[in-house]
Amino acid sequence: MGNDGLSILSSGYAAGSRVVTNEDFARIVDTSDEWIRSRTGIVTRHFGGEGESTTTLALSAARSALEKAGISKEKIAAIICATMSADHATPSTACLLQRELSLPENIAAIDVNAACSGFVAALLACRSFLTDERPYAIVIGAEQLSRLLDFTDRTTCVLFGDGAGAVVVRKAEVPFGSCLFAKGGTEILAEGAGPEVSHIRMDGWAVFRFAVEALPAAMKETLKNAGLSVHEIDHIVCHQANERILEHVIKKEQLEDRKVYRNIDHFGNTSAASIPMAIGEMEERGLLKTGESLLLMGFGAGLTAGGVVVFYGGHDEDTQ
Ligand code: COA
């Protein structure tokens, strides 16, 4: 087995401080709790409060993951942030985090934008920086999507939320497999960048159709590349876009329901942040055990999809 897989040492997450209910939306657009719950599985989502932004949420998640990891900062090779809602076109979120976390300057600090597949893409990108001397990376997914919402458009504003998740990973002698797909399309569109980004527009039905095809395809390709069967996977963590998409894929692929983590009911769709927020929550709830395998699956705007197999748990030398 090569030394080119990834283990998650620790994680952290932060949700926007303002909880917004479906009833709150029913007061501003023509919708209802019943419609949103039954079509999406979402009950509440968090929006950033006063002073919160993509960067502050990312910082909170990354700081928490880093503190738990207990590693020497000198051994970190990269900090990579996946986001489609960076506060600035430049500097990148990762550069701002490098300073705030007092990380070394000889480090790769970059943002990745692959929308809801961003966290998977960022994990894949980090591998190219890891060495035996500096085997660690901090990988983050962070979004303040409330900034990109048109609160007069009921077809999009009810779906999204704000938050961030982060993991500290190390290169490890564990199986590795991944894939990334792209099919250029504007079914989900937000123009501009940084503070000038426009509202999200989406052809929801087209995205739904794409997701239920792309997700199983990416899952199979990732497992094939890892040389693993789905039965050897302990946890499947998909991007949280819509409960119905997950149910569809579970049924179609005959997945074990208990292996598929869901938290869309309380966080909504947080794009690149949804997978690491789920990992953070799973770790907090004691659901992750050393040596367990995770299949992480992203899909969304671009249109993009992708997957990666990682393992959970540190090594004795990590805290030396
Ligand atoms: N409240 C009430 N009615 C709503 C509504 C809302 N929030 N949003 C849309 N509707 C209406 C539509 O206007 C439409 O009304 P009409 O028939 O009078 O035209 C009706 O509900 C059905 O709309 P439709 O778009 O067919 O609903 P749907 O069952 O496809 O559900 C989505 C819409 C957006 C929930 C669904 O398409 C979806 O989840 N798509 C994937 C989106 C996604 O996950 N994007 C992110 C990917 S990362």
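In what follows, the structure referred to is the one given above.
Each value, and the rule that gives it
Residues numbered from 1 in each chain as written. Predicted model: local features only at pLDDT ≥ 70, side-chain atom pairs only at ≥ 80, totals over all residues. Heavy atoms only, no water. Near = heavy atom within 4 Å. Polar contact = N/O pair within 3.5 Å; in protein donor to acceptor, adjacent residues only side chain to side chain. Areas by Shrake-Rupley, 256 points an atom, 1.4 Å probe, with all protein chains shown as cover. 1 Å grid on protein atoms, 1.4 Å probe; cavity = no way out; pocket = protein on both sides within 12 Å on 5 of 7 lines; lining within 4 Å. Sits in = over half its atoms within 2 Å of the grid points. Helix = DSSP H or I, 4+ residues; strand = E, 2+ residues; numbered from the N terminus. Nonpolar A, V, L, I, M, F, W, Y, C, P; charged D, E, K, R; others polar. Core = buried A, V, L, I, M, F, W, Y, C linked by side-chain atoms within 4.5 Å. Buried < 20%, exposed > 50% of the residue type's maximum accessible area, 1.4 Å probe, protein only. Contact = heavy atoms within 4.5 Å. Axes fitted to C-alpha atoms, helices over the stretch in contact; angles between N-to-C directions. Parallel < 35°, antiparallel > 145°, perpendicular 65-115°, else oblique. Left-handed = near helix turned anticlockwise from the far one by under 90°. Phe/Tyr/Trp six-rings, centres within 6.5 Å; stacked < 30°, edge-to-face > 60°. Points joined across faces, edges and corners; volume = space filled by probe spheres on them. Salt bridge = Lys/Arg side-chain N within 4 Å of Asp/Glu carboxyl O.

Peer 1: Outline the site of the ligand, supporting the account with residue identities and numerical values.
Peer 2: Taken together, 23 residues form the shell around the ligand, and within it Thr31, Arg39, Arg154, Gly204 and Asn242 come nearest. In this structure, arginine 39 approaches the ligand through a side-chain N or O atom, which is 2.7 Å from an oxygen atom. Separating a nitrogen atom of the ligand from a backbone N or O atom of arginine 154 is a distance of 2.9 Å. For the ligand, whose unbound accessible area comes to 950 Å², protein coverage reaches 73%. Judged by its atoms lying within 2 Å of the grid points, the ligand is housed in the largest pocket. Top element by residues in the shell around the ligand is helix α7 (residues 204-226). It accounts for 4 residues. For the shell around the ligand, a count of residues per class yields 11 nonpolar, 8 polar and 4 charged.

Peer 1: Let's hear about the nonpolar core: which residues, and what values?
Peer 2: Leu123, Val139, Val169, Ile279 and Leu296 are the most contacted members of the largest nonpolar core, which has 35 residues in total. Counting residues per element, this core draws most heavily on helix α5 (residues 118-126), which supplies 7 residues. Isoleucine 279 has contacts with Ile8, Ser11, Phe119, Val167, Leu288, Leu294 and Leu296, leaving out every residue within four places of it along the chain. Within the second largest apolar cluster, 31 residues are counted, among which are Leu215, Ala226, Ile245 and Leu255.

Peer 1: I'd love a proper account of the packing of α7 against helix α8 (residues 243-252), names of residues and values included.
Peer 2: Following both chains from N to C, one finds α7 and α8 inclined at 45°, their axes separated by 10 Å at the closest point. The orientation of α7 relative to α8 falls into the category oblique. Between α7 and α8 lies a crossing of right-handed hand. On α8, the residues touching Phe208, Ala211, Val212, Glu213, Leu215, Pro216 and Met219 of α7 are Arg244, Ile245, His248, Val249 and Lys252. A class-by-class count of the residues in the contact of α7 with α8 yields 8 nonpolar, 1 polar and 3 charged.

Peer 1: Tell me about the packing of aromatic side chains, residues and numbers included.
Peer 2: Counted according to the given criterion, the structure contains 5 aromatic pairs. With a centroid separation of 6.2 Å and 65° between ring planes, the pair formed by tyrosine 13 and phenylalanine 267 is classed as edge-to-face. Here phenylalanine 267 lies in helix α9 (residues 264-267) and tyrosine 13 lies in strand β1 (residues 5-15), a separation of 254 residues in the sequence. Exposure remark for tyrosine 13: the relative accessible area of 23% places this residue in the partly exposed category. Centre to centre, the rings of phenylalanine 25 and phenylalanine 47 are 6.3 Å apart; their planes meet at 85°, and the pair counts as edge-to-face. A residue pair is termed long-range when its members are at least 10 positions apart, and phenylalanine 25 in helix α1 (residues 22-26) and phenylalanine 47 in strand β3 (residues 44-47) qualify at 22 residues. The exposure class assigned to phenylalanine 25 is buried, which follows from its relative accessible area of 1%.

Peer 1: Run through the environment of methionine 297, naming residues and quoting values.
Peer 2: In this fold, methionine 297 is placed in strand β12 (residues 293-300). Classification of methionine 297 as buried rests on a relative accessible area of 0%. The contacts of methionine 297, once residues within four sequence positions are left out, are Val120, Leu215, Ala218, Met219, Val237, Cys238, His239, Ile275, Gly306 and Gly307.

Peer 1: Help me get a handle on the layout of surface pockets, residues and values and all.
Peer 2: Taken as a whole, the largest pocket encloses approximately 580 Å³ of empty space. Lining the largest pocket are 29 residues, and of these Thr155, Leu159, Met202, Gly204 and Asn242 sit closest to its centre. Mapped by element, the contributors of at least two residues to the lining of the largest pocket are α2 (33-40), α6 (154-157), α7, α8 and β12. The dominant element in the lining of the largest pocket, judged by the number of residues it contributes, is α7, at 4 residues. Partitioning the lining of the largest pocket into residue classes produces 15 nonpolar, 10 polar and 4 charged. Taken as a whole, the second largest pocket encloses approximately 380 Å³ of empty space.

Peer 1: Now, about the environment of lysine 68: what can you tell me, with residues and values included?
Peer 2: By secondary structure assignment, the location of lysine 68 is in helix α3 (residues 54-69). Residues lysine 68 and valine 168, spaced 100 residues apart in sequence, show a C-alpha to C-alpha distance of 9.0 Å. Apart from residues no more than four positions distant in its own chain, lysine 68 is found in contact with Ser10, Ser11, Gly12 and Glu283. Of note is the side chain of lysine 68, whose polar atom sits 3.4 Å from the side chain of glutamate 283.

Peer 1: Go over the pattern of salt bridges with me, naming the residues and quoting the values.
Peer 2: When their charged atoms lie close together, side chains carrying opposite charge are able to pair. A complete count under the given rule lists 18 salt bridges for this structure. The closest approach of N and O atoms between lysine 68 and glutamate 283, which form a salt bridge, is 3.4 Å. In this pair, lysine 68 sits in helix α3 while glutamate 283 sits in helix α10 (residues 274-284), placing the two residues 215 residues apart along the sequence. What makes glutamate 283 buried here is its relative accessible area of 14%. Across the pair arginine 262 and glutamate 243 runs a salt bridge, and its minimum N-O distance is 3.4 Å. Of this pair, arginine 262 sits in the loop between α8 and α9 while glutamate 243 sits in helix α8, and the two are 19 residues apart along the sequence. One salt-bridge network, in which partners are shared between bridges, spans Glu243, Glu247, Asp257 and Arg262.

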